[in-house]
Amino acid sequence: MQQNRSKVNMPGDVYDIVIIGGGPAGLTAGLYAARSKMKTLMIESFSVMGQATMTDLIENYPGIEKTNGFDLITKVKGQAVSFGLECAQGTVTGIGRHSRDGVSVWKISGDGKEYETLSVIAASGAYPRKIGVPGEKEFTGKGVSYCATCDGAFFRGKDILVVGGGNTAVEEALYLTKFGKKVTVVHRRDRLRASGVVQERAFASDKIDFAWNSVVEEIRGGEKVESVLLRNVKTDGMTELACDGVFVFIGWNANTGFLEGVVELDEKGAVLADDEMKTSSEGVFAAGDCRRKVLNQIVTACGDGAVAAYSAEQYVQELKGIAYH
Ligand code: NAP
């Protein structure tokens, strides 16, 4: 819907910007928007743990040699709040257009609450992909996990399986060597996708084994996980491997269910946004892992967040009839 660009005077309870998501993208957007004196609310869901928060070791955020996701996120949040970012908890389930005093605003709803805003930044991240094999659902929380920092300590002295060959799988396998007797990385190809330095560390670890060209066909057990059935994709041979824990790190799906029918998504559900973070819907911007992009990193999520806040600010200023420059 095209907005009337004449000066808009909104009631005080309408936000300039509502940001959905409290990861690196959402919080950076919040920091930039709040510093620009936009009336900004960030809504975060505690039922969804972000990818960054789950990361134990971050060593490629420029200027910070080593940190963990929780500490980094806590610092950025404190920084944004100190500039006036408002925060709310809740899981957003829908957004839609709505007329308020003759002006079309966005209404954000979820958990029985509603917020009105002139613009929206979707920074809702992604959720872990499932393997989709028998036993995965039944044993989730009983040996199957998607978060090493949350559950690794339950597997002290145990045999752990990690599924995947990307940065997450290999970094988390390394982290899990702190607890496990042995960590077997099951990867569907014969080479890792993870970056070189991470691969080197994994190959140097005497606690990590690799099951190459292999996929998990079934997770088995009684009360808890006891073994997995592996299939060699080259030979189709099946092997049963005893283990106590199965950590699945095979990538992420964009968390965009609430945006279906609102903005254009790609075939995998990621938001299509341009390099100004504008989506197909006027007044809705996207940042971080919920949008389609070439490099999913904390530093690129932060960059997206800054650009989205700048674009949203321009949009709001224009709506209000305030010259931007
Ligand atoms: P990813 O890079 O997409 O890797 C997913 C891995 O899972 C790949 O090795 C893939 O195999 C495998 N896989 C996918 N579907 C599978 C299936 N159905 N069955 C078995 N294996 C499957 O995901 P990620 O490792 O979570 O990383 C996500 C993004 O975050 C990436 O851009 C990554 O670089 C970034 N990240 C960066 C860091 C860092 O910089 N330190 C840390 C963590 C994540 P194939 O290789 O055969 O495709």
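Residues numbered from 1 in each chain as written. Predicted model: local features only at pLDDT ≥ 70, side-chain atom pairs only at ≥ 80, totals over all residues. Heavy atoms only, no water.

Q: Looking at this structure, I do not really get the pattern of salt bridges. What am I missing?
A: For side chains of opposite charge, pairing can occur when their charged atoms come near one another. One pass over the structure, following the stated rule, counts 19 salt bridges. With a closest N to O distance of 3.7 Å, Asp56 and Lys178 form a salt bridge. Placement of Asp56 in the loop between strand 2 (40-44) and helix 2 (69-82) and of Lys178 in the loop between helix 4 (167-176) and strand 10 (182-186) is noted, with a sequence separation of 122 residues between them. Given a relative accessible area of 24%, Asp56 falls into the partly exposed group. Here Asp266 and Arg292 are joined by a salt bridge, their closest N and O atoms 3.5 Å apart. On the criterion of sequence distance, the pair formed by Asp266 in the loop between strand 16 (252-254) and strand 17 (284-286) and Arg292 in the loop between strand 17 and helix 6 (298-319) is long-range, its members being 26 residues apart. Linked by salt bridges that have partners in common, Asp13, Arg100 and Glu116 make up one network. (Salt bridge = Lys/Arg side-chain N within 4 Å of Asp/Glu carboxyl O. Helix = DSSP H or I, 4+ residues; strand = E, 2+ residues; numbered from the N terminus. Buried < 20%, exposed > 50% of the residue type's maximum accessible area, 1.4 Å probe, protein only.)

Q: What should I look at first to understand the environment of Tyr310 in this one?
A: One can find Tyr310 in helix 6. Considering only alpha carbons, one finds Tyr310 and Ala29, 281 residues apart in sequence, at a separation of 8.2 Å.

Q: I keep staring at the site of the ligand and nothing clicks. Help me out?
A: Around the ligand there are 18 residues in total, and Asn60, Thr168, Glu171, Arg189 and Arg193 lie nearest to it. The separation between an oxygen atom of the ligand and a polar side-chain atom of Arg188 is 3.0 Å. Between the ligand and Arg189 there is a distance of 2.7 Å, counted from an oxygen atom to a side-chain nitrogen or oxygen. In isolation the ligand offers 910 Å² of accessible surface; the protein chains occlude 79% of this area. Grouping the amino acids of the shell around the ligand by side-chain chemistry returns 3 nonpolar, 11 polar and 4 charged. Counting contributing residues per domain, the shell around the ligand is built from domain 1 (14-127 + 252-321) and domain 2 (130-248), each supplying no fewer than three. (Near = heavy atom within 4 Å. Polar contact = N/O pair within 3.5 Å; in protein donor to acceptor, adjacent residues only side chain to side chain. Areas by Shrake-Rupley, 256 points an atom, 1.4 Å probe, with all protein chains shown as cover. Nonpolar A, V, L, I, M, F, W, Y, C, P; charged D, E, K, R; others polar. Domains from an automatic or database assignment.)

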